[in-house]
Amino acid sequence: MCAALIGGMDRLRQEYINAARKQGISLRCFNGGECGIETKLGSPDMLIMFTNMISHEARKKVVAVARGQNIPLHMLHSCGVSSLRNCLASGRS
């Protein structure tokens, strides 16, 4: 399974990736500030967005991609590693 994470803290990037790897998920991280983020996402099995760490414009683009490609989207306000772990665990069931 492949997931994309949008937002979060840059200093926790490797911890996000390691937490996902422990659950058997390949995780790609985007900080939300990239130009053309909608083209860089590809087609993951799940999108996770930390809403407190990205712009409103990036959020709109990610939501549009999720709806257009019928990809499950999980929006979380907290950007902690434990929030990501809980989301990944619930998203797989």
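Anything mentioned here points back to the structure above.
What counts and how
- Residues numbered from 1 in each chain as written.
- Predicted model: local features only at pLDDT ≥ 70, side-chain atom pairs only at ≥ 80, totals over all residues.
- Heavy atoms only, no water.
- Helix = DSSP H or I, 4+ residues; strand = E, 2+ residues; numbered from the N terminus.
- Rg over C-alpha atoms; globule rule 2.2 N^0.38 Å.
- Buried < 20%, exposed > 50% of the residue type's maximum accessible area, 1.4 Å probe, protein only.
- Contact = heavy atoms within 4.5 Å.
- Expected span 1.5 Å × (residues − 1).
- Arc of directions from axis to C-beta.

Student: Any chance you could break down the overall build of the protein for me, citing the residues and the numbers?
Tutor: Assigned secondary structure in the protein consists of four helices and four strands. Reading the helices (α) and strands (β) of the protein from amino to carboxyl end gives β-α-β-α-β-α-β-α. The C-alpha radius of gyration computed for the protein amounts to 12 Å, which stays within 12% of the reference 12 Å derived for 93 residues, consistent with globular compactness. Dimensions along the principal axes, computed over C-alpha positions, put the protein at roughly 30 × 25 × 20 Å. Taking all 93 residues of the protein together, the buried fraction comes to 40%. Taking contacts inside the protein between residues at least 6 apart in sequence as the whole, the part at least 24 apart equals 71%.

Student: Describe the side chain of Ser83, naming the residues involved and giving the relevant values.
Tutor: Note that Ser83 resides in helix H4 (residues 81-92). Take Ser83: its relative accessible area is 17%, and that puts it in the buried class. Here Ser83 is in contact with Leu76 and Ser78, once residues within four sequence places are set aside.

Student: Summarise unusual backbone geometry; cite the residues concerned and give the values.
Tutor: Positive phi is not limited to glycine here, since Asn70 has a value of about 55°. Classification of Asn70 by relative accessible area gives exposed; the value is 69%.

Student: Help me get a handle on helix H3 (residues 56-69), residues and values and all.
Tutor: Here H3 spans 20 Å end to end across 14 residues, near enough to the 20 Å set by a 1.5 Å rise per residue. All of the buried residues along H3 are Ala58, Val62, Val63, Val65 and Ala66. Seen along its axis, H3 keeps its buried residues to an arc of 160°; they face one direction. In H3, the exposed positions angled more than 90 degrees off the buried face are occupied by His56, Arg67 and Gly68. Lining the buried residues of H3 we find strand S1 (2-6), helix H2 (37-40), strand S3 (46-50) and strand S4 (73-76). One or two steps after H3, the chain reaches Asn70, where phi turns positive at roughly 55°.

Student: With reference to specific residues and values, describe the environment of Leu5.
Tutor: Relative to the helices and strands, Leu5 resides in strand S1. Owing to a relative accessible area of 0%, Leu5 belongs among the buried residues under this scheme. Separated by 22 residues in the primary sequence, Leu5 and Leu27 place their C-alpha atoms 6.9 Å from one another.

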